[in-house]
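Geometric and topological summary
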Amino acid sequence: MQFTVQPVFLVNFFIIAVGIGVCALCIVQVASSAHLPKVVRQFFTIFFSTLLLYISTHLAREIMDGQPGSGVRTALFIVTFAEILAAGLMAHMMSMLILSVTEPQNAGKIRIALHLLLLLHAAVLIIGCFNGMIYRFDEANVYHRGPLYLLSNLSPLVMLVINLVLLIRRGRKMDPEVRRAFLIYLIAPVIAIAIQSFSYGIQYIILATVCAAVYMFFVILRKQNEEYEKQQAESSRLETELSLATTIQSDMLPNIFPAFPEREEFDLYASMDPAKEVGGDFYDFFFVDDTHLGMAIADVS
């Protein structure tokens, strides 16, 4: 088995290798960010895992392309199918994220339409896999686009257009930087798909998708960290105020015992143990005169 190394392959290999490393680092970052909301961690873990699958399968296809053998041919069909399917899954995941953020009135209908687009994407791939209309491999196991190759990008493009419409119409209330990150993620792959559809060579789609996804991730991560720091600062402030209130309350109550050491005929002890930092109970005791002891017990509900 001989490998023919061309400059385009080296460029693509570098882009893919960097993309794989960056995606792996992002997954590690997500796993180590325990303060992130669970739904955010789950989304980015699955998202970057899918992106990792997308670029890894493309790398496998690049390496095996043109190599002889029936086993290689089968593997080529499998990794190419997984590659294109993963692209649709990423577009669908992004659509569901934007749909949940923008919350349009007809969200239910849009969600159904997005699911149908994903099913259509999978159906087109399954049909095209067998008849060579989307992609095919010749006798030398060399990859070729089919006459209906553009159909493999149709559903992801429609999803991206839906996302753009939602962001433009419903995204004004979002954080401007997050909205901009979403728009960059949506627009960059669209431009790359347009270029890639008519120019086979350097993997602009992978390059644009990885760069835009990482930018979007770190914008959201930074916003989440800022929100977490604000919550921690507010929590610290409340704890300080509650601690001060506890001290003030305890200082208001008699806390030196024995309270009347010169009176040997009786002993007196009292305490107030609140269930939380500050309680609503109050007590006091004092001599009204030399022979009468006054006690006060109160509860604030």
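For the structure, see preceding data.
These remarks concern the structure in this document.

Rules behind the numbers
Residues numbered from 1 in each chain as written. Predicted model: local features only at pLDDT ≥ 70, side-chain atom pairs only at ≥ 80, totals over all residues. Heavy atoms only, no water. Pairing = 2+ DSSP bridges. Helix = DSSP H or I, 4+ residues; strand = E, 2+ residues; numbered from the N terminus. Core = buried A, V, L, I, M, F, W, Y, C linked by side-chain atoms within 4.5 Å. Buried < 20%, exposed > 50% of the residue type's maximum accessible area, 1.4 Å probe, protein only. Phe/Tyr/Trp six-rings, centres within 6.5 Å; stacked < 30°, edge-to-face > 60°. Lys NZ or Arg CZ within 6 Å of the ring centre and 35° of its normal.

1. Examining the pairing of strand 4 (residues 292-299)
- The pairing of strand 3 (residues 281-289) with strand 4 spans eight bridges and is antiparallel. Across the sheet, the residue bridging to Asp289 is His292, located in strand 4.
- Following strand 3, the chain reverses through two residues before pairing antiparallel with strand 4.

2. A look at the nonpolar core
- Phe44, Phe47, Phe48, Leu51, Phe182, Tyr185 and Met216 are the most contacted members of the largest nonpolar core, which totals 55 residues.
- Elements with a minimum of two residues in this core: helix 1 (7-32), helix 2 (38-64), helix 3 (70-102), helix 4 (107-131), helix 5 (154-170), helix 6 (176-198) and helix 7 (204-252).
- For this core, the leading source of residues is helix 7, giving 12 residues.
- Met64, Leu76, Ile134 and Tyr135 belong to the second-largest nonpolar core, a separate cluster that totals 13 residues.

3. Comments concerning the packing of aromatic side chains
- This model, assessed by the stated rule, comprises 18 aromatic pairs.
- With a centroid separation of 5.2 Å and an interplanar angle of 80°, the aromatic rings of Phe43 and Phe44 are classed as edge-to-face.
- Phe44 sits in the buried class, given a relative accessible area of 3%.
- Ring plane angle 75° and centroid distance 5.1 Å describe the contact between Phe77 and Phe137, whose orientation is recorded as edge-to-face. A residue pair is termed long-range when its members are at least 10 positions apart, and Phe77 in helix 3 and Phe137 in strand 1 (residues 135-137) qualify at 60 residues.
- Phe77 sits in the partly exposed class, given a relative accessible area of 21%.
- Residue classification places Phe137 among the buried positions, given a relative accessible area of 4%.
- Among the aromatic side chains, those forming a connected cluster through ring pairs are Phe43, Phe44, Phe47, Phe48, Tyr185, Phe217 and Phe218.
- Seen from the ring of Tyr143, Arg61 lies directly overhead, with NZ or CZ sitting 4.1 Å from the centre.

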